[in-house]
Amino acid sequence: MGPTQEVVGFVAKTRYRDIPPEVIRLAQGLILDGMGVTLAGTIEEGSRIVHAFIRQIGGREEATVVGAGFMAPSPLAALANGASGHAMDYDDTQLSTSKEAVYGLLTHPTVPVLSAALAVGEKQKISGQELILAYILGVEVECRVADAINPRHYQSGFHSTATIGGLGAAMAVGKILGLKEESLARALGIAASMASGLRENFGTMTKPLHAGRAAENGVTAALLADMGFTSAHNILEAKRGFFNAMAGGYDEAKITGRLGRPYFMQEPGISIKPYPSGSLSHPAQDLILELVKKHDLHADNIETIEVGTNSNVPNALIYPMPKTSLEGKFSIPFCMAIGVLERKAGIAQFTDRKVREAKVVELMKRVTLYVDQELEALGYDQVRSRIRIKLKGGKTIEGRADVAKGHPLKPMSWGDIGEKFRDCASLVLSRKNMEDAIEFVANLDRQRSMLPLIRAISGGKSTALKVKNSRVKGKRPRSKKWSGIQKR
């Protein structure tokens, strides 16, 4: 049995009761985070253009465009929500199962899968458990395929979230539709031929479009398969199939016998982003904020800032002097400058205006990104970063960070995720709807319908969610008992 059949067998046979409780809790946190970054992303210009494009196309009102207050055909709603979810580069990042892998070449797993599952789940009127199950299975497939593929895939220019996210999205939607193994294999084959997305578009509106198209492709592939549309039955491993054509091969040991054993969310895990920027900048952002606050540093007293890391980082953080907020998300000089000047790195810091401020531009000129040979020798599995700050009086301050907050080794609690959600959702939702949505997701496993949640995050008229009413199985909501993302 090849990887294709193993994937579709796993998706078809896994039931909600087979999922470990810890994985369900992790999924609830990741789902809340994914919804939050999607809501925040709707204010971006690229998202608004996508919304206008979808309105022009029109069609059946099947699924909600999150944060925008209108509905669209389910594939197009998935497109819009996926593009918004990645618009701020604030969505989660999968880790690798081996130290030989390159951090960052994997996917942003939640947004393509969740966007597809929400769109079709709304149309199908599924329960909270059905949403959780489809999401977990889609993410598991996406992460295992991405972990197994030859790193050449990413290094040659493909964006893994775009190419592999659609495979996970197709499996999530296929589960919602109740597809059997043969149909799931056809959905996977269709989605694999639709896969695309190039890293040259990083720093532009097209990068978040990648996640949107992955979600849309997943929905389209599963719907076509459900209608009898055909494709190859061995698309992953075939000589002219996904792994070989797009990467020159794969590591069979990273996918065969690995699906759900354990779930990828458990080991090695998925990082939730603490900052709305490229994940390879995050350890350095954590560290600059720590050093600035600890030593009460100010821009006027700083002569230079040197940031050392491995040679993989400059390949992704490609803008030494960004001109836009999108470029700033992939710029170490900008991330360091706002860390010093603003002592924070949230949504309000990653704007075109901030990138172009004279004091920011002046400080960026004093920041250098270099390959630190000691960190290079440790490999690429983590974005280990060293910062050396030379003060004008001659003093030098330095530090090192291997992981950032939100990494499984430095996890966010449910409260942390809730605060991030509020920061994101407050851009488009009322406080009432924000709090109701948090409470609803905390109890998602006991919700008989996900439709009240969709109404709360739609961005349209306020719809109160009464999570203690008949839609919740049981007597009390469990949000206060939610254990959060725990250290392993």
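Residues numbered from 1 in each chain as written. Predicted model: local features only at pLDDT ≥ 70, side-chain atom pairs only at ≥ 80, totals over all residues. Heavy atoms only, no water.

Participant: It is not clear to me how the sheet that holds strand β7 (residues 385–391) should be interpreted in this structure. Could you clarify?
Facilitator: Paired through their backbone hydrogen bonds, the strands of a sheet run either parallel or antiparallel. The strand order β6-β5-β7-β8 describes an open sheet built from four strands, whose pairing is mixed. Every other strand in the sheet has two partners, leaving β6 (367–371) and β8 (396–401) as the edge strands with one partner each. The sheet shows a mean angle of 15° between the axes of neighbouring strands, taken without regard to direction. As paired strands, strand β5 (residues 302–309) and β7 are joined by six bridges and run antiparallel to one another. If you follow Val 307 over to β7, its bridge partner there is Ile 387. Together, β5, β7 and β8 form the strand contacts of helix α12 (residues 282–295), whose direction differs from that of β7 by roughly 35°. In the packing of helix α15 (residues 332–342) onto the sheet, the strands contacted are β5, β6 and β7, and the crossing angle to β5 comes to about 130°. (Pairing = 2+ DSSP bridges. Helix = DSSP H or I, 4+ residues; strand = E, 2+ residues; numbered from the N terminus. Axes fitted to C-alpha atoms, helices over the stretch in contact; angles between N-to-C directions. Contact = heavy atoms within 4.5 Å.)

Participant: Teacher, can you tell me more about the nonpolar core here?
Facilitator: Within soluble globular proteins, side chains that are nonpolar tend to cluster in buried spots. Tyr 135, Ile 136, Met 171, Phe 242 and Met 265 are the most contacted members of the largest nonpolar core, which totals 104 residues. By residue number, the principal contributor to this core is helix α6 (residues 128–148), which donates 13 residues. With sequence-adjacent residues up to four places away left out, Met 265 is seen in contact with Val 23, Leu 26, Ala 27, Leu 30, Tyr 135, Ile 136, Val 139 and Ile 270. Within the second largest apolar cluster, 40 residues are counted, among which are Leu 287, Ile 305, Ala 316 and Ile 387. (Core = buried A, V, L, I, M, F, W, Y, C linked by side-chain atoms within 4.5 Å. Buried < 20%, exposed > 50% of the residue type's maximum accessible area, 1.4 Å probe, protein only.)

Participant: Would you explain helix α9 (residues 181–194) in this entry?
Facilitator: The α-helix winds at 3.6 residues per turn, so residues separated by three or four positions along the chain end up facing the same way. Over its 14 residues, α9 extends 20 Å from the first C-alpha to the last, a length consistent with the 20 Å expected when each residue adds 1.5 Å. Taken together, the buried positions of α9 are occupied by Ser 183, Leu 184, Ala 185, Arg 186, Ala 187, Leu 188, Gly 189, Ile 190, Ala 191 and Ala 192. Where α9 is buried, its residues contact α1 (3–13), α8 (160–177), α10 (206–226) and α11 (242–247). (Expected span 1.5 Å × (residues − 1).)

Participant: I tried to follow unusual backbone geometry on my own but got confused; where do I start?
Facilitator: Keep in mind that most residues, glycine aside, have a negative phi and that most peptide bonds are trans. In this model, Arg 261 is joined to Pro 262 through a cis peptide bond whose omega is -10°. Its place among the elements puts Pro 262 in the loop between α11 and β4 (270–271). A cis amide bond links Glu 267 with the next residue in sequence, Pro 268, at an omega value of 10°. Mapped onto the elements of the fold, Pro 268 is located in the loop between α11 and β4. Located in the positive-phi region is Arg 343, a residue other than glycine, with phi close to 60°. As for its placement among the helices and strands, Arg 343 is situated in the loop between α15 and α16 (352–356).

Participant: How do you make sense of the packing of aromatic side chains when you look at a structure like this?
Facilitator: Geometrically, a pair of aromatic rings is defined through the distance of the ring centres and the angle of the planes. Considering all chains together, one arrives at five aromatic pairs under this definition. Relative to Tyr 263, the ring of Phe 10 lies with its centre 6.1 Å away and its plane at 50°, an arrangement referred to as tilted. Pair noted here: Phe 10 is in helix α1 and Tyr 263 is in the loop between α11 and β4, with a separation of 253 residues, a long-range link. Each member of the pair, Phe 10 as well as Tyr 263, is classed as buried. (Phe/Tyr/Trp six-rings, centres within 6.5 Å; stacked < 30°, edge-to-face > 60°.)

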